[in-house]
Amino acid sequence: MPEETARVGDVELCYETFGDRSNPTVLLVMGLATQMLGWREDFCAQLADRGFHVVRYDNRDVGRSTRLSQHRPPTVAQIVRRDACAAAYTLDDMADDGVGLLDCLGVERAHVVGASMGGMIAQTIAIRHPDRVLSLVSIMSNTGARRTGQPSVRLYGTLLKSAPRDREGYIAHQMDVFAKIGSPGFPRDDDDLRHTFARAFERGHDPAGSGRQLAAILAASDRTEQLGAIRVPTLVIHGTEDRLVNPSGGRATAKAIPGARLLMVEGMGHDLPRGAWPQIIDAIAENAARAGAPAAA
């Protein structure tokens with residue numbers, strides 16, 4: 001399906017759908033500074049083939065969704081201090097965006113799947129809007145606690161470096177980032193990555209928007225206690241080689257949510273390598289089946 005736009009409160013969200021709209025909906029929420037392209041088309045199509053209506057979208061401040069350019073991004077000093085005052089909006093706002101998109105699509109309840117920051121948003125949707133969530137999958141994310149799920153110190157320089165504004169510089173920067181945070185246990189298709197980063201640049205590259213998203217993460221409080229109130233079938237997926245969000249973040253998330261299942265993917269870092277898709281898609285479908293949705297291949 002072609003890209004569409006939905007008005008949700010004060011923002012417009014760009015989204016795409018895959019599969020039959022009469023099937024149960026899976027809402028895919030992507031992470032920091034990453035467009036909906038992070039959920040590859042083939043990945044979405046494979047989920048749709050499992051009997052789901054799949055929705056992927058650009059979060060606010062990324063891709064073709066609304067940019068909050070009237071707000072300044074945080075400074076490096078504010079990031080280092082984790083200054084909550086630098087946030088123009090919160091993860092709560094971003095969670096409400098996702099639910100607002102479901103409203104626009106006429107979807108009463110959905111299976112919510114989030115990766116990295118998207119996992120934080122997915123958790124927040126389940127906390128704030130429990131009546132809208134059929135099942136929850138949190139991938140390579142954390143609870144917001146300071147003692148778990150933190151990045152390797154060796155990555156700080158990479159995290160604080162803004163991507164260049166020119167096309168080739170942007171692609172080279174993203175390739176360098178993925179070389180450091182990607183999955184050492186799975187093959188990496190560099191040509192495919194370059195193509196994806198080129199598409200992302202052409203759809204819209206704004207370092208300030210990424211900074212504002214990061215500020216929302218830094219302003220978030222520890223969700224551990226609130227996660228204890230989640231009662232839908234929950235799956236937590238994390239790579240054993242994740243250097244950006246330490247695997248302790250996934251273990252803490254699974255521990256905090258009653259009945260949550262934990263899937264540790266051997267050799268996976270902070271990305272969604274194609275080689276791990278069979279495990280991930282099977283696990284998403286099986287978790288959805290716990291809520292009464294299809295899981296047949």
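Residues numbered from 1 in each chain as written. Predicted model: local features only at pLDDT ≥ 70, side-chain atom pairs only at ≥ 80, totals over all residues. Heavy atoms only, no water.

## Here we look at the overall build of the protein
A tally of regular secondary structure across the protein gives 11 helices and eight strands. Taking 297 residues into account, the globule formula puts the C-alpha radius of gyration at 19 Å, and the protein, at 17 Å, falls close to it. Seen through its principal axes, the protein has C-alpha atoms that stretch 45 × 40 × 40 Å. Counting all 297 residues of the protein, 56% fall into the buried class. Counted over contacts in the protein with a minimum sequence separation of 6, partners at least 24 positions apart contribute 77%. About 12,600 Å² of surface is accessible on the protein, with carbon and sulfur atoms providing 49% of the total. Here the protein carries 34 positive and 36 negative side-chain charges, and the mean point of each set is 6 Å from the other. (Helix = DSSP H or I, 4+ residues; strand = E, 2+ residues; numbered from the N terminus. Rg over C-alpha atoms; globule rule 2.2 N^0.38 Å. Buried < 20%, exposed > 50% of the residue type's maximum accessible area, 1.4 Å probe, protein only. Contact = heavy atoms within 4.5 Å. Areas by Shrake-Rupley, 256 points an atom, 1.4 Å probe, with all protein chains shown as cover. Lys, Arg positive; Asp, Glu negative; His and termini not counted. Charge placed at Lys NZ, Arg CZ, Asp CG, Glu CD.)

## As for the pairing of strand E2 (residues 11-18)
Taken across its eight residues, E2 has seven buried, putting it largely inside the fold. Hairpin connection from strand E1 (residues 4-8) to E2: two residues lie between these consecutive antiparallel strands, with glycine 9 at a positive phi of about 60°. With four bridges joining them, E2 and strand E4 (residues 53-57) adopt antiparallel strand pairing. Across the sheet, glutamate 16 pairs through a bridge with arginine 56, a residue of E4. (Pairing = 2+ DSSP bridges.)

## Considering the side chain of glutamine 35
Summarising the element assignment, glutamine 35 is placed in the loop between strand E3 (25-29) and helix H1 (41-49). Within the local environment of glutamine 35, its side chain forms a polar contact with the backbone oxygen of glycine 204, the two atoms lying 3.1 Å apart. Other than its neighbours up to four places away in sequence, glutamine 35 contacts Met30, Asp58, Val62, Gly63, Ala200, Arg203 and Gly204. (Polar contact = N/O pair within 3.5 Å; in protein donor to acceptor, adjacent residues only side chain to side chain.)

## Points about the packing of aromatic side chains
One pass over the structure, following the stated rule, counts four aromatic pairs. Centre to centre, the rings of tryptophan 39 and phenylalanine 43 are 5.7 Å apart; their planes meet at 40°, and the pair counts as tilted. This pair shows no difference in class: tryptophan 39 is buried, exactly as phenylalanine 43 is. Taken together, the aromatic side chains of Trp39, Phe43 and Trp277 make up a single cluster linked through ring pairs. (Phe/Tyr/Trp six-rings, centres within 6.5 Å; stacked < 30°, edge-to-face > 60°.)

Geometric values such as these leave the question of function open.
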